[in-house]
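# Examining the three-dimensional arrangement
Spelled out, the chains give:
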Number of protein chains: 2
Amino acid sequence: MDPEATVRAFCNAVEARDVEQLVGFFSSDAVYHNIPIAPVKGREAIGTTLKAFIGPASEAEFEIVALACSGNSVLTERLDRFVIGGKKIELPVMGTFEVTPSGEISAWRDYFDMASFTKQMG
Amino acid sequence: MDPEATVRAFCNAVEARDVEQLVGFFSSDAVYHNIPIAPVKGREAIGTTLKAFIGPASEAEFEIVALACSGNSVLTERLDRFVIGGKKIELPVMGTFEVTPSGEISAWRDYFDMASFTKQMG
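Each residue is numbered by its place in its chain's sequence as written, counting from 1. By the order in which they are written, chains take letters starting at A while ligands take numbers starting at 1. Reporting of local features is limited, given that this is a predicted model, to residues whose pLDDT is at least 70; pairs of side-chain atoms are given and counted only at 80 or more, and all residues count toward the totals for whole chains, interfaces and linings. Side-chain metrics in this entry use all non-hydrogen atoms of the structure; hydrogen atoms and water are not considered.

## Observations concerning the interface of chain B and chain A
Any two residues whose heavy atoms approach within 4.5 Å at even a single point are treated as in contact. Facing 21 residues of chain B, the contacting portion of chain A comprises 21 residues. Buried area is a sum: the accessible area each of two parts loses on coming together, probed at 1.4 Å, counted once for each and added. When residues of chain B are sorted by the area they lose upon contact with chain A, Leu75, Met94 and Tyr111 of chain B head the list and together hold 36% of the total. The salt bridge definition used is simple: a Lys or Arg side-chain nitrogen within 4 Å of an Asp or Glu carboxyl oxygen. For the interface between chain B and chain A, the tally reads two salt bridges. Between Glu77 of chain A and Arg109 of chain B there is a salt bridge, and its shortest N-O distance comes to 2.6 Å. Polar contact is the term for a pair of N or O atoms within 3.5 Å; when the atoms are in protein, one must be able to donate a hydrogen and the other to accept it, and sequence-neighboring residues count only if both atoms are side-chain atoms. At the junction of chain B with chain A, the criterion picks out eight residue pairs in polar contact (both at pLDDT 80 or more). For the side of chain B that touches chain A, the secondary structure elements donating two or more residues are strand S3 (57-70), strand S4 (73-84), strand S5 (87-99), strand S6 (105-111) and helix H4 (114-121) of chain B. In the side of chain B that touches chain A, the residues fall into 14 nonpolar, four polar and three charged. For helices the rule is a DSSP run of H or I covering at least 4 residues; for strands it is a run of E covering at least 2, with both sets numbered from the N terminus onward. Put simply, Ala, Val, Leu, Ile, Met, Phe, Trp, Tyr, Cys and Pro go in the nonpolar bin, Asp, Glu, Lys and Arg in the charged bin, and everything else, Gly too, in the polar bin.

What follows is the structure, encoded as structure tokens:
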């Protein structure tokens, strides 16, 4: 898969809320930086972080609003949707993914307003 | 200029902190959505918003970290830097620009963590 296909497959996979499957998209030394929070490195730490917001969700979806590629970088504009404790959360997000030649995500940096998330969580 | 050149020229122009010049990059019906804040429409409203953060800055810079294009959309990952009241502000941002065939920016949506900005402002 090319970088765009890898990132589209990853975003589609979010709906299944299977953290082990999601972690499998990443290289062993991948860095996930959810920008307002400190970056985490490696599949185990990425899995722990993903579990924190995907674990409590009864539904999850990354809708891609816009996507553009430059070399091994894939820039996305998204609407991330979750249902957590019966509450519908909709978060506008942009994120950059870097993908290795073998099709593993080696970097993921997401940009969003944390207060927009916490306000919806109540 | 193609969409990429337009957006690079706009980002470069920020350093001059000339709001009238910056407003000239936009179409008359352009929408600027600084995501945590309500969107504004039209050159006058965009100018007012830009003045709010460029006006008090003694230095300003949009450093492009990554940029990718898809059709008339230009997705950017940036480090926006300001010096305001002697304080150095560094804000990680991603933004999507939509550019008309005649080279005007018709949409600009920026994604960032507002608290990261206000904390640095003190």
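## Let's talk about the pairing of strand S3 (residues 57-70) of chain A
Residues and elements named next belong to chain A. Strands are labelled as partners when DSSP assigns at least two bridges between them. Where S3 lies against strand S4 (residues 73-84), 12 bridges are found, and the strand directions are antiparallel. For Ala66, the partnering residue across the bridge sits in S4 and is Glu77. If you look at the hairpin formed by S3 and S4, you'll find two residues sitting between the two strands, and Gly71 has a positive phi there, around 60°.

## Some points on the relation of the copies chain B and chain A
In this comparison the copies share one frame, found by least squares on the C-alpha atoms of residues holding pLDDT of at least 70 in both. Expressed as a screw transformation, the operator carrying chain B onto chain A has a rotation angle of 180° and an axial translation of 0.0 Å, and the superposed copies differ by an RMSD of 0.0 Å. This pairing of chains is accounted for by a two-fold axis. Considering only C-alpha atoms, the residue of chain B closest to the rotation axis is Asp113 of chain B, which sits at 2.0 Å. When the interface residues of chain B are mapped onto chain A, 100% of them again lie at the interface, so the same face is used by both copies.

## Details of the environment of Ala57 of chain A
All names here are of chain A. With respect to the helices, strands and loops of the structure, Ala57 is situated in strand S3. Think of it in three bands: residues with accessible area under 20% of the maximum for their type are buried, residues over 50% are exposed, and the middle band is partly exposed, with areas taken using a 1.4 Å probe on protein chains only. Residue Ala57 is classed as buried on the basis of its relative accessible area of 4%. Between the C-alpha atom of Ala57 and that of Lys88, which follows or precedes it by 31 residues, the distance is 9.7 Å.

## Quick notes on the pattern of salt bridges
Residues and elements named next belong to chain A. Taken as a whole and judged by the stated rule, the model has 18 salt bridges over all chains. As a salt-bridge pair, Arg81 and Glu63 come within 2.8 Å of each other at their nearest N and O atoms. Here the residue Arg81 occupies a position in strand S4, and Glu63 occupies one in strand S3, the gap between them amounting to 18 residues. Arg81 serves as the salt-bridge partner of Glu90, at 2.9 Å between the closest nitrogen and oxygen. Taking the relative accessible area as the measure of exposure, Glu90 reaches 40% and is therefore partly exposed. Connected through shared salt-bridge partners, Glu61, Glu63, Arg81 and Glu90 make up one network.

## Section: the side chain of Asp110 of chain B
Residues and elements named next belong to chain B. As for its position among the elements, Asp110 is in strand S6. The buried category is assigned to Asp110, whose relative accessible area is 3%. Polar contacts involving the side chain of Asp110 include one to the side chain of Trp108, which spans 2.9 Å. Ignoring anything within four residues of it in the chain, the contact list for Asp110 reads His33, Asn34, Ile35, Pro36, Arg78, Asp80, Val93, Met94 and Gly95.

## Points about the sheet that holds strand S2 (residues 40-41) of chain A
Residues and elements named next belong to chain A. On the basis of which strands lie adjacent, the open sheet formed by six strands has the order S2-S1-S6-S5-S4-S3 and mixed pairing. Edge positions in the sheet fall to S2 and S3, since each has one partner strand and no second. Bridge count between strand S1 (residues 26-34) and S2: two bridges; the pairing is antiparallel. Looking at the pairing, Tyr32 lines up with Val40 of S2.

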